Amino acid sequence: MAPGLRCLLPLACAAMMCIMGVRGTLELQTAAAMAAGLCKTRPTDVVFIVDSSRSVRPSEFEQVKVFLVKVIEGLDVGVDSTRVAVVNYASRVKNEISFKSHRSKAGLIKAVGKLEPLSTGTMTGLAIQFAMNVAFSETEGARVKSPAVGKVAVIVTDGRPQDNVRDVAARAREAGIEIFAIGVGRVDMNTLRLMASEPLEEHTDYVESYSLIEKLTQKFQEAFCACSNAPTDVVFLIDGSKSVRPENFELVKKWINQIVDKLDVSENRAHVGLVQYSSTVRSEFPLGRYNNKKDVKDAVRKMIYMERGTMTGQALRYLQDSSFTPGQGARPGVAKVAIIFTDGRSQDYIGDAAKKAKEKGYKMYAIGVGSAVEDELKEIASEPVTDHYFYTADFKAMSQIAKKLQINVCEDDPCECDSLVKFRKKVEEALKALSKKYILRSTVCIVGSVGHMFLWKLNGTDGFANGGAPS
């Protein structure tokens, strides 16, 4: 089953039936229609602008196609959700796939597989202009300009353009097109920055070779998925031991506020809590006390340095026993994210507390500076560990970690996550749509505090039946 379909409401209904201990029936089309509001992405028109100049070998162009396919596989492709187009360029520009060409994911993927390199020069500016004038036009299937519809261009290039990109890229951004620039190999990094939207660190990417471009897949699936706005409870767990030193503690507070700037802090989105620890643990402010970035950042600046020891294990236990409880403002069914900062070896055992936190479904990020022990950071961090732990030798380099750290509450499929409260409401609505047409013969459910996985059968076959969503 395609990743983007795993969160459709028929599965949610199956789970609720299992929870309720009943067997029921399901009218698939009605339930699927209700599901649209649960995992739907923001409507977005996405144009991939792909460099196929002579410097891109045929085998490398094939790797670009694999990247496109993998991103598309994770998108909610449809007339009312994400529409995809592909522009191929070298010395000339070719409109390979328009928004009106393929409205299904399968059709898009098949068309991408047929792309061929043009193998001439590198007229990147011409390609951006073509995207503005043609690819993003209503004639080619783009939607009318509206705040409700995102316009995104993803440029993949490996060389220095032979024409001007500065002015045309500026016009594209002024027209409301969000530009991501991906550079490969010997690309001119300044060119990427001239093209990309702000903030540049979120809109420019570089890989050393085309064989590594696949690693960017998850980022672009997330960029187009509405689940990035899912409600999230975020708690910072900050080491205030004497080894940090007062001047560095001020840098830590600035670092926290850099991350807060990237969150959608509001009553219904991200809530932020702050805990400081040394030989003891102290809650600076609980989740939900502040519902805007300004108030959160002001409270962070007022945090007073504790000094003394480094009881990281005790702090991790406090996170579970207090910070993420309803009494401290945690919301039931909302994703839980902990960001742990330390500059040294823990003076108590962290293994059990770190393991229990991850077993409870908390997303754990571990950040170490100076004398922090990398093995301890890895023990704290969620899987995949390489995405959830960061280390730098110098406090002054912490701002770079803030730029790299992407708080992602989504799992394998970035469009799969949403609040459990919303999930339950949708299920209650869908249960009213049950009919005698399809009998759920067997349902096996695993329901966690954040994630959901369902195995089901309809009329003896896995997945959907008779015109429902494909498996």
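Here, every reference points to the structure presented above.
Predicted model only: the values in this text are computed from it and were never measured. (Residues numbered from 1 in each chain as written. Predicted model: local features only at pLDDT ≥ 70, side-chain atom pairs only at ≥ 80, totals over all residues. Heavy atoms only, no water.)

Chemist: Quick rundown of the sheet that holds strand E2 (residues 82–89)? Include the residues and the values.
Modeler: Spatial strand order, E3-E2-E1-E4-E5-E6: 6 strands in an open sheet with mixed pairing. The open sheet has two free edges, formed respectively by strand E3 (93–97) and strand E6 (204–207), since each of these has just one partner strand. Averaged over all pairs of adjacent strands, the angle between their axes in this sheet comes to 20°, without regard to strand direction. Alignment of strand E5 (residues 177–184) against E6, held across 4 bridges, turns out to be parallel. (Pairing = 2+ DSSP bridges. Helix = DSSP H or I, 4+ residues; strand = E, 2+ residues; numbered from the N terminus. Axes fitted to C-alpha atoms, helices over the stretch in contact; angles between N-to-C directions.)

Chemist: For the packing of aromatic side chains, give the residues involved together with the corresponding values.
Modeler: Enumeration according to the criterion identifies 5 aromatic pairs in this entry. Their ring planes at 25° and their centres at 4.9 Å tell us that Phe-249 and Tyr-305 sit as a pair that is stacked. Separated by 56 residues along the polypeptide, Phe-249 in helix H10 (residues 246–261) and Tyr-305 in the loop between helix H11 (293–301) and helix H12 (312–323) bring together distant segments of the chain. Arranged with centres 5.2 Å apart and planes meeting at 75°, the rings of Phe-285 and Tyr-290 form a pair that is edge-to-face. (Phe/Tyr/Trp six-rings, centres within 6.5 Å; stacked < 30°, edge-to-face > 60°.)

Chemist: Any chance you could break down the environment of Gly-329 for me, citing the residues and the numbers?
Modeler: As for its position among the elements, Gly-329 is in the loop between H12 and strand E10 (335–342). Overall, the relative accessible area of 27% leaves Gly-329 in the partly exposed class. (Buried < 20%, exposed > 50% of the residue type's maximum accessible area, 1.4 Å probe, protein only.)

Chemist: Please give an account of unusual backbone geometry that cites residues and values.
Modeler: Of note, the amide linkage connecting Glu-198 to Pro-199 takes the cis form, showing an omega dihedral of -10°. The residue Pro-199 is located in the loop between helix H7 (189–195) and helix H8 (200–203) in this model. Each neighbour pair has its own omega, and for Glu-383 with Pro-384 the value is -10°, a cis peptide bond. Among the structural elements, Pro-384 can be located in the loop between helix H14 (374–380) and helix H15 (385–388). One non-glycine residue, Arg-245, lies in positive phi territory at about 80°. Inspection of the secondary structure puts Arg-245 in the loop between strand E7 (232–239) and H10. For Arg-308, which is not glycine, the phi torsion reads 75° and is therefore positive. By secondary structure assignment, the location of Arg-308 is in the loop between H11 and H12. On the basis of relative accessibility, which here comes to 47%, the residue Arg-308 falls in the partly exposed class.

None of the figures reported here should be taken as evidence of function without further support.
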